[in-house]
Amino acid sequence: MSYPESEPRLREGTALTATLVIRFGALGDLCICSWFLAGLSRRTEVHPLTLVTKKQFRGLAAEIPGVDHVATLEASGPGSLLRLACEVRTLRPATVLDAHAVLRSRLLTLLAGRSAENRLVKDTAARLKLLRHPGAEAPDAPRLRRHLLDRLDDLAEGAPGRSLLTPTVTPPLAHLRPAESGRKRTVGIAPGARWPTKRWPDKLFHAAALELLEEGVDLKIFLGPGETAWFDHSPLFKLTANSSVEIIRDSDLVTVARSLASCRVTLCNDSGLLHLSEAVGTPVVSLFGPTVAAFGYAPLLPESCLVETDLDCRPCSRTGSRPCHRGDLACLTGIAPAVVVAHIRKILEVPL
């Protein structure tokens, strides 16, 4: 399931494009890519800049600074890819950057009759070696210390100017934030993730939430598509009766982004909302279990922190899709609510 679509806010511009960036991916991928796009857009020679992404991300993608046009893949079938290729062909981009480097993005450039100047290098082999030898220092560890944003910045070598970029100082979607006065004592909680094995147990989220409420903190609980079913039967559901708790569900991504932007910090798993929260400028306390920072998706903001348990069996899955082979999910159950709340408290105490 996908988030409801929001109306895109597209900027006026010519039908042709100087630079075309392809990134389908998932929500977290797009949010990390938004840092790269915002940096890339500072160059006048890259405009007009077109982003190619999935239909469900159109509204959010249109909010990224410097993106002049959003071209979308409307469905998963070959017909949609062919129609998108025709649109790309009419845009006649001077530079194509494949920021996804998957079969679909390669087919798109092939069908459009246009090769990419540069493609994302994923370092997949290094990650697979780490999975085969969890808990050990991989022989090519330097590659694993690179964030996805580092690898996206390498694509700038294929853009006009051929110089590397650094992340923008201002988070790319910071313009969605409200006045700072409305963010001082609100904590976002995003208890979901695509795979159950990546979710900190609901009872632990509940324990942390209760402690925060006792300290006078307001809470916003964010639910993604399809998460209502388990949430309504979890301990967290009991919090809905509290007037200091707001539930954000069934909302489009721009609305979700604005709600995250009104929080001072977000407590979350290794999920897309981690990266959406940071893109609007809200730091996170993120809980990593079967996955690790070496996979390239660690938090970016200086205030953010990653909380994890040091186990020899981590990482056990590249995406978190495999069931826990121990059967106890110790990588997440070993994280105590008191530790998590302490990290949140530190961020709340930092002056805005």
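Rules behind the numbers
Residues numbered from 1 in each chain as written. Predicted model: local features only at pLDDT ≥ 70, side-chain atom pairs only at ≥ 80, totals over all residues. Heavy atoms only, no water. Salt bridge = Lys/Arg side-chain N within 4 Å of Asp/Glu carboxyl O. Helix = DSSP H or I, 4+ residues; strand = E, 2+ residues; numbered from the N terminus. Buried < 20%, exposed > 50% of the residue type's maximum accessible area, 1.4 Å probe, protein only. 1 Å grid on protein atoms, 1.4 Å probe; cavity = no way out; pocket = protein on both sides within 12 Å on 5 of 7 lines; lining within 4 Å. Points joined across faces, edges and corners; volume = space filled by probe spheres on them. Nonpolar A, V, L, I, M, F, W, Y, C, P; charged D, E, K, R; others polar. Patch = residues over 30% accessible without salt bridge, like charges linked within 9 Å, V, L, I, M, F, W, Y side chains within 5 Å. Areas by Shrake-Rupley, 256 points an atom, 1.4 Å probe, with all protein chains shown as cover. Expected span 1.5 Å × (residues − 1).

Considerations on the pattern of salt bridges
For the structure on display, the rule yields 14 salt bridges. Among the ionic pairs, R345 bridges to E215, the shortest N-O distance being 2.7 Å. Separated by 130 residues along the polypeptide, R345 in helix α13 (residues 337-349) and E215 in the loop between α8 (202-214) and β7 (218-222) bring together distant segments of the chain. Of the charged contacts, one joins R249 and D232 as a salt bridge, the two residues approaching to 3.7 Å between their closest N and O atoms. Taken together, the positions of R249 in the loop between β8 (245-248) and α10 (253-261) and D232 in the loop between α9 (228-231) and β8 put the pair 17 residues apart, joining distant regions of the chain. Given a relative accessible area of 26%, R249 falls into the partly exposed group. Counted as one network, the salt bridges with shared partners bring together E211, E215 and R345.

Section: the layout of surface pockets
Quantified by volume, the largest pocket comes out at close to 1500 Å³. In terms of lining, the largest pocket is formed by 42 residues, of which the most central are A26, L27, G28, D29 and R194. Listed by contribution, the elements that provide at least two residues to the lining of the largest pocket are α1 (27-40), α5 (124-132), α7 (148-153) and α11 (272-279). Residue composition of the lining of the largest pocket, grouped by class: 17 nonpolar, 13 polar and twelve charged.

Examining a nonpolar patch on the surface
Together, L82, L103, L107, L110 and L111 give the surface a local cluster of nonpolar side chains, amounting to about 480 Å² of exposed area. Sort the elements by how many residues they give to the nonpolar patch and helix α4 (residues 103-111) lands first, with four residues. Here L110 is to be found in helix α4.

Some remarks on α8
Each α-helix turn comprises 3.6 residues. Residues three or four places apart therefore point the same way. Given a rise of 1.5 Å per residue, 13 residues ought to cover 18 Å, and the 18 Å separating the end C-alpha atoms of α8 matches this to within 8%. Residues D202, L204, F205, H206, A208, A209, L212 and L213 constitute the buried set of α8. Downstream of α8 by a residue or two, G216 has a phi angle that is positive, lying close to 80°.

Honestly, that's just the spatial picture; any functional story needs more than this.
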